[in-house]
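Here are the chains, one letter per residue:
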Amino acid sequence: MRYSKMLIPTVKEAPAEAISPSHVLLLRGGYIRKLGAGIYNYLPLGHRVLSKVARIVREEMNRAGAQEVLMPAVLPAELWQETGRWDAFGDVLLRFKDRKGTDFCLGPTHEEIITDMVRREVRSYRQLPVNLYQIQTKFRDEARPRGGLLRTREFLMKDAYSFDVDDEGAARSFAQMREAYERIFTRCGLTFRIVSADSGAMGGSMSAEFQILAETGEDAIVACDSCDYAANVEVAQVALPQRPAAPATLAPLKKVPTPGKRTIEEVSTFLGVAPQKMLKTLIYVAGQRVVTVVVRGDHEVNEVKLARALGMSEVFLATDADVVRATGAPVGFAGPVGMKTEVYADQAVQAVFDGVTGANEAGAHYTGVNPGRDFAPRWADLRSAGEGDPCPRCSGHYKAYRGIEGGHIFILGTHYSAKMKATYLDAAGVEKPIVMGCYGIGVSRIVAAAIEQHHDADGIRWPLAIAPFEVLVTSVGASAEVRAASTEIYEALSGDGFEVLWDDREERPGVKFKDADLIGIPIRVTVGERGLKEGVIEVKRRDQKEAARVTRSEAVALVAQMVRRERG
RNA sequence: CGGGGCGUAGCGCAGUCUGGUAGCGCACACGGUUCGGGACCGUGGAGUCGGAGGUUCAAAUCCUCUCGCCCCGACCA
């Protein structure tokens, strides 16, 4: 492809609204343009990258035995009402009516639709297992789209659904998808971690996220430094630390004045007590229940864990008014001693002796607080894991990372099949619900995540497998020699099946080099008058500083070798 | 949804406080000189100042309403 014929509108200055590196570079490189909040046009380069990621996904899904289908983007409300998600989905679901007044939505995901498809066609265990997938545009009316392609309202997603006769079968399907996903993310040139995750309100068992590691990632994850356990902090377990021996004598419970000192930091400074000796006390509302939660002063309550411990799907931090009602004191002075509500405490609190906590009285705290003696909570793992915390599986410790959720696989069980009566007859003629799994990959999100992981100050550094082109031939100078040599190399590489972009524009060299770095094609072949005089062509990788200086005849072979090695 | 902020030429911005008839840089078009890391000179085109209403002799500027967008948080099958 000739650069001069292609629409690649690079710009020096990105719109002020772009903050994250991938957003800025996609805009500047002429890959995408914004049409509305979280809605983007893909220009030629952007579309090429998106297609490449989709192709890799498709190849690996097919290799894993999944079959491609295509479901509509416009979905009748009827099916959603069957599972109750028409209401449960809330504002994220973009709804509208047709001319007859019938309710529809734009599909944010397709469990109901695929389950309906399968229940109509599958009767017998002989037709199972089956794994169906599609690569399709989804719409979710996100409260807050952000980061360009990282979190959009309309996005391209691969969603697959497995249907098995039983849990063992589903586990096999799950394992196959996990393997396929590892191949996909690896082929895309991404550094990622597979982590245990929350499966959400509608979830089932076995949930794993494929987290693409990046500083700018929305998700916090932890991974053990000595075994392979890794998890989203939403669910990461924390091993009970070694409990220090209790001191010979415990201090007596004592009320001390702490006027106006509300936060852990204020109280700890005021009383000269380390935050680790403080008992952070928060009031939560879970359905009809009001619950007091205690964690160590330097720890954070994990609301996903708390909800699970309480057997609820979600919990909310109490309002200031609720806190006053529950504790009899303003926010900042709550404590478990004498508390009338249910009291839950994180297990790390067991190791706090002679601690400090609010006295449920304005301007007062207790010192010498000892769990067991002064209050009797229910113990649970309630805090968020962080760097350095002990691994629950071995003697290692956690390292903390940030990640972008590129994929999520989990087993749904019979959640949808039971509600929608998607059943089969087993060998004994007994009707049973199909056991399902579901597997998503954010195709457009991967495009952005790859840049978050692979860029520098000058622009994008695409992994070769998903780059819009594999090779960029840059002609420097307008002489007949340059043109002839460029044409020769361009045609040789193109003829051998490589994806080549030839910068044949009548631009100054500086402009071409800047654009080259910006759009980030992995291998650049520079054909210039200066080099040609010495019979030299330059071959340079985008991620390396130095160019290889080779002869015209060597250049094509060298590039071919480099590309083949990285195609994967 | 809570907090903060922004809408002026395709992009980045100034002008708004203190009302007086819209400007700078980049980009774009043309001419010339340049040509290995975003050239220079000259000329030129391009803006319902997000929208509606109001105040005023006069509104980008003041007032009211409204729409859109961004950032932090909440939310995220």
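Below is a short write-up of the structure.

Cut-offs used in this document
- Residues numbered from 1 in each chain as written.
- Chains lettered and ligands numbered in written order.
- Predicted model: local features only at pLDDT ≥ 70, side-chain atom pairs only at ≥ 80, totals over all residues.
- Heavy atoms only, no water.
- Pairing = 2+ DSSP bridges.
- Helix = DSSP H or I, 4+ residues; strand = E, 2+ residues; numbered from the N terminus.
- Axes fitted to C-alpha atoms, helices over the stretch in contact; angles between N-to-C directions.
- Salt bridge = Lys/Arg side-chain N within 4 Å of Asp/Glu carboxyl O.
- Buried < 20%, exposed > 50% of the residue type's maximum accessible area, 1.4 Å probe, protein only.
- Contact = heavy atoms within 4.5 Å.

## Some points on the sheet that holds strand β13 (residues 254-257)
Two modes of strand pairing occur in sheets, parallel and antiparallel, and in both the strands are linked by backbone hydrogen bonds.
Step number 1: Spatially, 3 strands are ordered β13-β19-β18 in an open sheet, and the strand pairing comes out antiparallel. With partners counted over all chains shown, the strands left at the sheet margins are β13 and β18 (355-358), one partner each. On average, each strand axis in the sheet is inclined to that of its neighbour by 30°, with strand direction left out of account.
Step number 2: Note: β13 against strand β19 (residues 364-369), 4 bridges, orientation antiparallel. Its bridge partner being in β19, P257 is matched across the sheet by A364.

## A closer look at the pattern of salt bridges
Step number 1: This structure, assessed with the given rule, holds 44 salt bridges.
Step number 2: Across the pair E59 and R187 runs a salt bridge whose closest N-O atoms are separated by 2.8 Å. Note that E59 is positioned in helix α2 (residues 44-63) and R187 in helix α6 (residues 167-187), a separation of 128 residues in sequence.
Step number 3: One salt bridge in this structure joins E82 and R119, with 2.8 Å as the shortest N-O distance. Taken as a pair, E82 in helix α3 (residues 77-83) and R119 in helix α5 (residues 111-121) lie far apart in primary sequence, 37 residues in all.

## Considering helix α11 (residues 443-453)
Step number 1: Among the 11 residues of α11, 11 are classified as buried, and the element is accordingly described as predominantly covered.
Step number 2: When α11 is considered as a whole, its buried residues turn out to be V443, S444, R445, I446, V447, A448, A449, A450, I451, E452 and Q453.

## Describing the side chain of D503
Step number 1: For D503, the location among the structural elements is in strand β28 (residues 500-503).
Step number 2: Judged by its relative accessible area of 0%, D503 is buried.
Step number 3: Not counting residues up to four positions away in its chain, the partners in contact with D503 are Y3, L472, V473, T474, S475 and K512.

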